[in-house]
Structures are given as structure tokens and as C-alpha cells.
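Take a look at the letters that make up each chain.
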Amino acid sequence: MLLPIIAYGDSVLRQVARPITPEYPDLNQLIANMLETMYAAHGVGLAAPQIGLSIRLFVIDSRPMFDDDDGNPPPPDAEQGVRRVFINAEMLQNTGKVWAYTEGCLSIPQVREDVKRPSDIVIRYYDEQFNLHEEAFSGMTARVIQHEYDHIEGKLFIDYLSPLKKRLLQRRLERITQGDVSVKYKMRFPPQPRKR
Ligand code: NI
């Protein structure tokens, strides 16, 4: 089932998400829905806050990042990308060379900006069967994971922009919050303040 994606401006995107247990209701169905929603929107990652749930869950599939032709430099290594489900993730390390890449976010449609992130991470997480992993990732996959991990910490990629860039984006961000944006996937916009 496709889930509506929460638009920028909703407070759920700013909350630090809480851990879950294997007893979380309909977890398998939720994960399946999140993957379906991510693929339908041509995203490479989706975090639970983006579908309105403030829980520490995100999914990624970085494989499409390795066959695009969007003018970005190729990733710094020759990996192929992975599909993963991250539950209760905890970032243990981010190290390595800091590199810039043009990022976007399904919650902030049509905004794409360069973000600098370290190239290597080590992350501890539970997979969809609640098996514990400690795994290292690098390059593009590490970038996608860092972007999604930020979501469960209440952070967005635009937080990394300079004050000037942010100011230049302000009007577009307001329009997104007001639902004044055209997207090919279903979104949910924050309730609008009543006009006085
Ligand atoms: Ni995002």
C-alpha cells in the first residue's frame, strides 16, 4: 500500500524518533509499505517520520544511484549499492574524506542542494528480522544512510546549507508547507493556519 509522504513543515520531521520492539504492530506490513512507497516515488531512502511515524525505522535501496546520469561526479568507490532495512539504528562512526553531492528529499520536493558528508560510516542496527548488525558502509550508500539516519534524529539535509542558501530557499520551502508544489506521488501537508 502506498503511503502519503509527509511534507516539509510538519513537526514529525523535527522529532527525535523513538526505538521500537519486535512487537511493534504490523511491522512487516509497515516495512513492505515503506519500500513500495519509496520505489513508487523513485526515492533511494525513506524514513518512518516521512510517513508520519516518529519511530527509529528507515529503508534504503542505493542501487539506482549507480546507474544515474545526473551530472554528479561518480561515487568515490566502485560499490553497487544495497537494499537494507534499519531498525533502532545507532551511528557509531563517521569518518573519511568529506565530499559534496547534490541531495534531495521526498519530503522537500524539487529542492536539490549540495551537501557535504563524510565518506565512511559504521552503524549498528537491527534488520527486519530483528537480527543485530554492525556494518561499515562507504561512498554513496553511506551518504544515503546518513541522510535517512538524520531523519530519525529530526534533521533534514537543508539544515546543512549556509544561512544565505537557506534564506534563498525560504519562499520555496513555505510553498511546499502550504501544498503549493506539484509532485507525482501522494503527499500530506501540515494543517494550514486559519486565515484571520
Ligand atoms: Ni529525506
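As the structure is a computational prediction, the values presented were derived from the model and not from experiment.

(A) Local environment of the layout of surface pockets. The volume enclosed by the largest pocket comes to roughly 860 Å³. Residue lining of the largest pocket: 33 residues in total, with His42, Gly43, Gly104, Leu106 and Arg112 positioned closest to the centre. Only helix H1 (27–40), strand S4 (83–103) and helix H2 (139–152) provide two or more residues apiece to the lining of the largest pocket. Of all the elements, H2 adds the most residues to the lining of the largest pocket, at five residues.

(B) Highlighting the nonpolar core. By size, the foremost hydrophobic cluster in this structure holds 37 residues, and its most contacted members are Leu27, Met34, Leu57, Ile108 and Ile158. Taken together, the elements giving at least two residues each to this core come down to H1, strand S3 (57–61), S4 and helix H3 (163–177). Beyond its immediate chain neighbours, meaning those up to four positions away, leucine 27 contacts Ile20, Leu57, Ile87 and Phe130. In terms of nonpolar packing, the next biggest core, distinct from the first, is built from 21 residues, Ala17, Trp99, Tyr125 and Ala142 among them.

(C) Quick look at unusual backbone geometry. In the Ramachandran plot, histidine 42 falls in the positive-phi region, its phi being about 55° despite a non-glycine side chain. In this structure, histidine 42 sits in the loop between H1 and strand S2 (45–47). Unusually for a residue other than glycine, glutamine 110 sits at a positive phi of about 65°. Within the secondary structure layout, glutamine 110 lies in the loop between S4 and strand S5 (113–126).

(D) Region of interest: the pairing of S4. Where S3 lies against S4, five bridges are found, and the strand directions are antiparallel. Across the sheet, leucine 57 pairs through a bridge with isoleucine 87, a residue of S4. In the sheet, S4 pairs with S5 via twelve bridges, with the strands oriented antiparallel. Bridge pairing in S5 places asparagine 94 opposite isoleucine 121.

(E) Summary view of the coordination of the nickel ion. With distances of 2.1 to 2.2 Å, the protein atoms coordinating the nickel ion are Cys105 (SG), His147 (NE2) and His151 (NE2). Sequence positions of the donors to the nickel ion reduce to the motif C-x41-H-x3-H. Highlighted residues: cysteine 105 in the loop between S4 and S5 and histidine 151 in helix H2, separated in sequence by 46 residues. Here cysteine 105 matches histidine 151 in class, with each residue buried.

(F) A look at the environment of glutamate 134. By the secondary structure assignment, glutamate 134 is in strand S6 (residues 132–138). For glutamate 134, a relative accessible area of 54% gives the class exposed. Leave out the neighbours within four places in its chain, and glutamate 134 touches Leu92, Val122, Ile123 and Arg124. Among the polar contacts listed, one links the side chain of glutamate 134 to the side chain of arginine 124, at a separation of 3.4 Å.

(G) Local environment of H2. Here H2 spans 21 Å end to end across 14 residues, near enough to the 20 Å set by a 1.5 Å rise per residue. Extensive coverage of H2 is indicated by the burial of 14 of its 14 residues. One or two residues past the end of H2 sits glycine 154, with phi positive at roughly 80°.

Parameters and conventions
- Counting restarts for each chain: residues are numbered from 1 in the order of the written sequence.
- pLDDT decides what is reported in this predicted model: residues at 70 or higher carry local features, side-chain atom pairs at 80 or more are listed and counted, and totals for whole chains, interfaces and linings draw on all residues regardless.
- The basis for every side-chain value is the complete set of heavy atoms in the structure, and neither hydrogens nor water enter the calculation.
- Cavities and pockets were defined on a 1 Å grid built over protein atoms only: a cavity is a set of grid points that admits a 1.4 Å probe from which the probe cannot escape, a pocket is an open set flanked by protein on both sides within 12 Å along at least five of seven lines, and lining residues are those with an atom within 4 Å of any such point.
- Grid points are joined across faces, edges and corners, and a volume is the space filled by probe spheres set on the points.
- Strands are runs of DSSP state E lasting at least two residues, helices are runs of H or I lasting at least four, and both sets are numbered from the N terminus onward.
- For the purposes of this section, nonpolar cores are sets of buried Ala, Val, Leu, Ile, Met, Phe, Trp, Tyr and Cys residues that join through side-chain atoms within 4.5 Å.
- Residue exposure (1.4 Å probe, protein chains only): buried if accessible area is under 20% of the type maximum, exposed if over 50%, otherwise partly exposed.
- Contacts are assigned to residue pairs that have any heavy atoms within 4.5 Å of one another.
- At least two bridges found by DSSP between two strands is the condition for calling them paired.
- As a rule, N, O and S atoms within 2.8 Å of a metal are its donors, except that Na, K and Ca use 3.2 Å; water is not among the atoms, so sites may look incomplete.
- In the analysis that follows, any N or O atom pair within 3.5 Å is treated as a polar contact, provided that within protein one partner can donate a hydrogen and the other can accept it, and provided that, for residues neighboring in sequence, both atoms belong to side chains.
- Here a helix's expected span is defined as the number of its residues, less one, multiplied by 1.5 Å.

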